[in-house]
Amino acid sequence: MAHTGLFQEVYAIVRTIPRGKVLSYGQIATMLGNPRWARRVGQAMYGAPAALHLPCHRVVMKDGSLCHEPFGSEQRARLLAEGITFLPGGRVDMPKHRWHGECG
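Below or above, wherever it landed, is the structure these notes cover. Not measured: the values here are computed from a predicted model.

Points about the nonpolar core
Ranked by size, the top nonpolar core spans 19 residues in total, and within it Val10, Val14, Ile28 and Val41 carry the most contacts. Going through the elements one at a time, helix 1 (4-15), helix 2 (25-31) and helix 3 (38-46) are the ones with two or more residues in this core. Once you skip the residues sitting within four places of it in the chain, Val41 turns out to touch Val10, Tyr25, Ile28, Ala29 and Leu32. Counting residues in hydrophobic clusters, the runner-up holds eight residues, among them Val22, Leu66, Leu79 and Val92.

Looking at helix 1
Its twelve residues give helix 1 an end-to-end C-alpha distance of 16 Å, which sits within 8% of 16 Å, the value for a rise of 1.5 Å per residue. Of the positions making up helix 1, those classed as buried are Leu6, Phe7, Val10, Tyr11, Ile13 and Val14. Each buried residue of helix 1 lies within a common arc of 160° when the element is viewed along its axis, so the set occupies one face. For helix 1, the elements touching its buried residues are strand 1 (23-24), helix 2, helix 3 and strand 2 (59-60).

Concerning the layout of surface pockets
Here the largest pocket is characterised by a volume of approximately 890 Å³. Surrounding the largest pocket, 28 residues form its lining, Tyr25, Met45, Tyr46, Cys56 and Cys67 being those nearest its centre. Sorting the residues of the lining of the largest pocket by element identifies helix 2, helix 3, strand 2 and helix 4 (72-81) as the ones contributing at least two each. Here the lining of the largest pocket takes six residues from helix 3, the largest share from any one element. Split by residue class, the lining of the largest pocket holds 15 nonpolar, eight polar and five charged.

Scoring rules and cut-offs
Residues numbered from 1 in each chain as written. Predicted model: local features only at pLDDT ≥ 70, side-chain atom pairs only at ≥ 80, totals over all residues. Heavy atoms only, no water. Core = buried A, V, L, I, M, F, W, Y, C linked by side-chain atoms within 4.5 Å. Buried < 20%, exposed > 50% of the residue type's maximum accessible area, 1.4 Å probe, protein only. Helix = DSSP H or I, 4+ residues; strand = E, 2+ residues; numbered from the N terminus. Contact = heavy atoms within 4.5 Å. Expected span 1.5 Å × (residues − 1). Arc of directions from axis to C-beta. 1 Å grid on protein atoms, 1.4 Å probe; cavity = no way out; pocket = protein on both sides within 12 Å on 5 of 7 lines; lining within 4 Å. Points joined across faces, edges and corners; volume = space filled by probe spheres on them. Nonpolar A, V, L, I, M, F, W, Y, C, P; charged D, E, K, R; others polar.

Spelled out as structure tokens, the structure:
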């Protein structure tokens, strides 16, 4: 796959997201050096091998929205289990749960 190197960089960042925190696709793209790569980050997440056991549920849209069904319900349940809180309307409370840590 042409984006294998980029995908591996995405996975390295996702692996570091702590329990109870989230990152947006755009934040990950910015960490990779190009804030316009949010869609590429999404492609990487969509194609993430299950064998990597990544905390993919901790990656959300910039406004705290979750991925679409059929994965959205599972994502919400996993985030709730980690103590993530949601705003009315179902979005993650990003000011409270956005991770600002360094990668690596």
